[in-house]
Every structure is written in structure tokens, then in C-alpha cells.
Amino acid sequence: EVQLVESGGGLVHPGGSLRLSCTASGFIFSDHYMDWVRQAPGKGLEWVGRIKNKLNSYITEYAASVRGRFTISRDDSKNSLFLQMNSLKTEDTAVYYCTRGSGWGPGDYWGQGTLVTISS
Amino acid sequence: QSALTQSASRSGSPGQSITLFCTGTRSDISSYNFVSWYQHHPGKAPKLIIYDVTKRPSGVSLRFSGSKSGDTASLTISGLQAEDEADYYCSSYTSTSTNWVFGGGTHLTVL
């Protein structure tokens, strides 16, 4: 059974940093692209970014709204995905989901999400 | 404001069929067959129900079907059941700098 479990959410002041983690199980993690998607309170889903697999040189792609502030990385030896978020803004407040991405879309399996709140 | 447009809410009765729509532009739905649909029960992980416009992942009910015409994608749910009450989101690849875009979601109520 595919499982994705996010962690690391919490309350941060504007301008601060936070690192989210996602631990995967139930599939060959190293074979797959991995994405982050977020949902602000009362809003729809927003794709945040992607990291491709080793075969595709671990290329990263980001939404315009987070490019230059967020960094996605992975540790295939630990079946783990990370999202380093810097220069956080109040509009980054959201539930952040880890997803197993693919060439056709942002995810066939999703975690249950971790809440990030940016507030002074 | 989401890149793809969905009705905020829809409702239907058990046993009925309902079609949800997702409207994009020539930068996304019109130009690519990478449309997917997700079912989201609040507090749970979103679930993929349609990908590549019409394909169903293994284990997804045959009651769910997808299609596309021009800049609008559609999700049809036949034989509505109480468990179908959820939020439904569409997604598409986009040629803009963001790669993947979502709709704002449709809340489906089964009366």
C-alpha cells in the first residue's frame, strides 16, 4: 500500500523558514517524480513544485509564486522528500501535500498534508 | 483566483447522474490531454479518479468518467451515492511557467 506521510508543519513568523518532510512507503521511491501541492484556507489546490527522479537528473520545477524561495530535494536512500521554505509570506499559509507525481499530472497518491501557518 | 474555472458547488440526488465542468484556456486544457480529476473528502488525502482526460486508475469506480471538448473538461458521475459527496478538483498541464494548474474545486452535495 502506497503511503505518504508529511511532517514539519507549524507556526512561523513572516520572513522565517521551515522545512517540510515526506516519508514514502509501499513503492520504489527512487523511480518516481515527487511533487508538493498546497491548499490555502478556503481556497483551491495549488501546485508548488516537483523533483524528478535520478534518471531525469533530479531536475526541479517550481510554481512562479514560490520560485527562488522554496527548494525541493530528496533522499532516495531514506525514501524521503523535502521542501525547504524560506522568506515565508502570510500567503504561504496552507496545508502542504506530498504527492507521487508523474508525467501526466501532479499526483496519483497524496499524503494527508501538514499545516503551515505564517503569522506574526 | 485559480487558473481553471469550476463551479463552486453542485448538488444531485442519489441515483442521478451529474457532470462537473472545468474550463481552461488554450494554454492548458485546449492544448494538452493531461487533464486529471481529484476527489477530496476534507481531512483526508485527495484521491485521483481520472487522468489523461478519460483514464481511470485501478480501483476507481466505473461510475466516474471524464471527457474534454475544446477548453472544457468534464467529469461525469453516474448513479450518485452518498459517499460521492466531496470536493472535486480538476488539473491540467499548462504551457505557462507554472507547469500544472488546478481549478478552484466544486463541492458536490448528494441530497
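Scroll up a little and you will see the structure.
In what follows, the accompanying structure is described. (Residues numbered from 1 in each chain as written. Chains lettered and ligands numbered in written order. Predicted model: local features only at pLDDT ≥ 70, side-chain atom pairs only at ≥ 80, totals over all residues. Heavy atoms only, no water.)

Considering the packing of aromatic side chains
Alright, step 1. Counted by the stated rule, this structure contains 10 aromatic pairs over all chains.
Alright, step 2. When the centroid spacing of 6.3 Å and the interplanar angle of 50° are considered together, the rings of Phe27 of chain A and Phe29 of chain A count as tilted.
Alright, step 3. Judged by relative accessible area, which is 13%, Phe27 of chain A ranks as buried.
Alright, step 4. Note on Phe29 of chain A: relative accessible area 1%, which makes it buried.
Alright, step 5. Summarising the aromatic geometry, the rings of Phe34 of chain B and Trp100 of chain B are spaced 6.4 Å apart at their centres and angled 65° between planes, so their arrangement reads as edge-to-face. Here Phe34 of chain B is found in the loop between β3 (18–23) and β4 (35–40), whereas its partner Trp100 of chain B is found in strand β9 (residues 100–102), with 66 residues between them in sequence.
Alright, step 6. You can call Trp100 of chain B buried: its relative accessible area is 3%.
Alright, step 7. Every member of this aromatic cluster is reached through a ring pair, and the members are Tyr97 and Trp110 of chain A together with Tyr38 and Phe102 of chain B.
Alright, step 8. In this arrangement the basic side chain of Arg100 of chain A is found over the ring face of Phe27 of chain A, its NZ or CZ atom lying 4.9 Å from the centre. (Phe/Tyr/Trp six-rings, centres within 6.5 Å; stacked < 30°, edge-to-face > 60°. Buried < 20%, exposed > 50% of the residue type's maximum accessible area, 1.4 Å probe, protein only. Helix = DSSP H or I, 4+ residues; strand = E, 2+ residues; numbered from the N terminus. Lys NZ or Arg CZ within 6 Å of the ring centre and 35° of its normal.)

Observations concerning the sheet that holds strand β1 (residues 5–6) of chain B
Residue and element names in this part refer to chain B.
Alright, step 1. Sheet architecture is open: four strands sit in the order β1-β3-β7-β6, paired in antiparallel fashion. Of all the strands in the sheet, the pair left with one neighbour each is β1 and β6 (64–69).
Alright, step 2. Where β3 meets strand β7 (residues 72–77), six bridges bridge the pair, whose relative direction is antiparallel. Note that in β7 the partner of Thr23 across the bridge is Thr72. (Pairing = 2+ DSSP bridges.)

Looking at the state of the cysteines
Alright, step 1. Tallied over the entire structure, the rule returns two disulfides over all chains.
Alright, step 2. Between the sulfur atoms of Cys22 of chain A and its disulfide partner Cys98 of chain A the distance amounts to 2.0 Å. Residues Cys22 of chain A and Cys98 of chain A are joined through a disulfide that is left-handed, its torsion about the S-S bond being -60°. Of this pair, Cys22 of chain A sits in strand β3 (residues 18–25) while Cys98 of chain A is found in strand β9 (residues 94–102), placing the two residues 76 residues apart along the sequence. With respect to class, Cys22 of chain A is no different from Cys98 of chain A; both count as buried.
Alright, step 3. In this model, Cys22 of chain B is linked to Cys90 of chain B through a disulfide, with the two sulfur atoms separated by 2.0 Å. Judged by the torsion about the S-S bond (75°), the Cys22 of chain B/Cys90 of chain B disulfide is right-handed. Residue Cys22 of chain B is located in strand β3, and its partner Cys90 of chain B is located in strand β8 (residues 86–93); the two are separated by 68 residues in the primary sequence. (Disulfide = S-S within 2.5 Å.)

What about the pairing of β3 of chain B?
Residue and element names in this part refer to chain B.
Alright, step 1. Alternating positions in β3 separate cleanly, Ile18, Leu20 and Cys22 being buried on one face and Thr19, Phe21 and Thr23 remaining unburied on the opposite face.
Alright, step 2. Sheet analysis places β1 next to β3, joined by two bridges and oriented antiparallel. Paired with Gln6 across the bridge in β3 is Cys22.

As for the pattern of salt bridges
Side chains carrying opposite charge are able to pair once their charged atoms draw close together.
All names here are of chain A.
Alright, step 1. Evaluation of the coordinates by the stated rule reveals nine salt bridges over all chains.
Alright, step 2. Arg100 serves as the salt-bridge partner of Asp108, at 2.8 Å between the closest nitrogen and oxygen.
Alright, step 3. Residue classification places Asp108 among the partly exposed positions, given a relative accessible area of 21%.
Alright, step 4. Salt bridges sharing common partners tie together Arg38, Glu46, Arg69 and Asp92. (Salt bridge = Lys/Arg side-chain N within 4 Å of Asp/Glu carboxyl O.)

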